[in-house]
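One-letter residues, chain by chain:
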Amino acid sequence: MEKRTGKFAGEDPFVLARAWLEEAEKTEPNDPNAIALSTVDPDGLPNARMVLLKEISADAFVFYTNYTSAKAGEIDAAGKAAFVLHWKSLRRQIRVRGLVSREDGEKADEYYASRSLKSRLGAWASDQSKPLSSRAALMAEVAKVTARHGTDPARPPFWGGYRIVPLEIEFWADGDFRLHDRFVWRRTSADAGWDITRLNP
Ligand SMILES: Cc1cc2nc3c(=O)[nH]c(=O)nc-3n(C[C@H](O)[C@H](O)[C@H](O)COP(=O)(O)O)c2cc1C
């Protein structure tokens, strides 16, 4: 097999993803951890939106959201999702497809506690993805939850993380004349070994 060198070196795709993200943190003007998260609704109609990737652990990609949102409904029904990270400054992307489960224990409590008070209260106030009559109605809800939960709100039971455990991770880097480099790590289940393949651009 061809030896992977330079930006593609290494066997562990989580280590590589972390290294690429660290590089992007130095060059992107903002939100280098923003991912376009893709889900599918019950009719098979795809959906996409940005969320922030909060952790690349040894076996999963983690983001946080409202469990009653549209995305959460679609993830919970399918148990699957995909996302892409794209860095214009590096001209690189990482694509991930995988199985999703909730991160709603201690780790979610810890992450929630690390957020600013306004963000913590905002999570309580927003009935994410549901209709809202006006901005004033949202601000009234913020005032209500502030009075109720004070300065040390607990993590809302309807808010937490999702862990995407990949079956496929592709690393893509721009090449001259559209002759890009692509390597994909694939496996058949979450505990199977990786098969690594170079793809045509
Ligand atoms: C850069 C960026 C980062 C975002 N990060 C998050 C996030 O981490 N969690 C989240 O729930 N929504 C985040 N949002 C808002 C989502 O894109 C989306 O509007 C919201 O989650 C509702 O999506 P849904 O109705 O498909 O569930 C972010 C938006 C942008 C533009």
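What you see is a predicted model; the values in this text were computed from it and never measured. (Residues numbered from 1 in each chain as written. Predicted model: local features only at pLDDT ≥ 70, side-chain atom pairs only at ≥ 80, totals over all residues. Heavy atoms only, no water.)

S.K.: I'm lost on the packing of helix α4 (residues 117-125) against helix α5 (residues 135-149) in this one. Help?
M.R.: Geometry of a packed helix pair, given as the angle between the helix axes and the separation of the axes. Two numbers describe how α4 lies on α5: the axes approach to 9 Å, and their chain directions differ by 110 degrees. Judged on the interaxial angle alone, α5 and α4 are roughly perpendicular. Viewed along their axes, α4 and α5 form a crossing whose handedness is right-handed. Of α5, the residues touching α4 (which contributes L121, W124 and A125) are L138, E141, V142, V145, T146 and H149. (Axes fitted to C-alpha atoms, helices over the stretch in contact; angles between N-to-C directions. Helix = DSSP H or I, 4+ residues; strand = E, 2+ residues; numbered from the N terminus. Parallel < 35°, antiparallel > 145°, perpendicular 65-115°, else oblique. Left-handed = near helix turned anticlockwise from the far one by under 90°. Contact = heavy atoms within 4.5 Å.)

S.K.: Is there a simple way to think about the layout of surface pockets in this case?
M.R.: With a probe scaled to a water molecule rolled over the atoms, the places where space remains empty come into view. For the largest pocket, the calculated volume is near 280 Å³. Taken together, 14 residues make up the lining of the largest pocket; nearest its centre are Y64, T65, R115, Q128 and W159. Secondary-structure elements contributing two or more residues to the lining of the largest pocket are β2 (46-56), β3 (61-66) and α4. Taken together, the residues of the lining of the largest pocket sort by class into 6 nonpolar, 5 polar and 3 charged. (1 Å grid on protein atoms, 1.4 Å probe; cavity = no way out; pocket = protein on both sides within 12 Å on 5 of 7 lines; lining within 4 Å. Points joined across faces, edges and corners; volume = space filled by probe spheres on them. Nonpolar A, V, L, I, M, F, W, Y, C, P; charged D, E, K, R; others polar.)

S.K.: How should the packing of aromatic side chains be read in this particular structure?
M.R.: Note on aromatic pairs: each is described by the distance of the centres and the angle between the planes. For the structure shown, the criterion picks out 13 aromatic pairs. Relative to F171, the ring of W20 has its centre 5.2 Å away and its plane inclined at 80 degrees; by these criteria the two rings are edge-to-face. Placement of W20 in helix α1 (residues 13-27) and of F171 in strand β6 (residues 159-173) is noted, with a sequence separation of 151 residues between them. Accessibility assignment for this pair places W20 and F171 in one class, buried. Between Y111 and W159, the aromatic rings sit 6.1 Å apart at their centres with planes inclined by 15 degrees, giving stacked as the arrangement. Of this pair, Y111 sits in helix α3 (residues 106-114) while W159 sits in strand β6; the two residues are 48 residues apart in sequence, bridging distant segments of the chain. Comparing Y111 with W159 shows no difference in burial state: the two are buried. (Phe/Tyr/Trp six-rings, centres within 6.5 Å; stacked < 30°, edge-to-face > 60°. Buried < 20%, exposed > 50% of the residue type's maximum accessible area, 1.4 Å probe, protein only.)

S.K.: Would you take a moment to explain the pairing of β2 for this structure?
M.R.: Consecutive side chains of a regular strand alternate in pointing toward one face of the sheet and then the other. Relative to β2, strand β1 (residues 34-40) is paired through 7 bridges, and the arrangement is antiparallel. The residue bridging L37 from the neighbouring strand is R49, located in β2. Counted along the chain from β1 to the antiparallel partner β2, the turn is 5 residues long, and its residue G44 has a positive phi close to 85 degrees. With 3 bridges connecting them, β2 and β3 associate as antiparallel partners. Looking at the pairing, L53 lines up with F63 of β3. In textbook terms, the turn of a hairpin is the stretch between consecutive antiparallel strands, and for β2 and β3 this stretch comprises 4 residues. (Pairing = 2+ DSSP bridges.)

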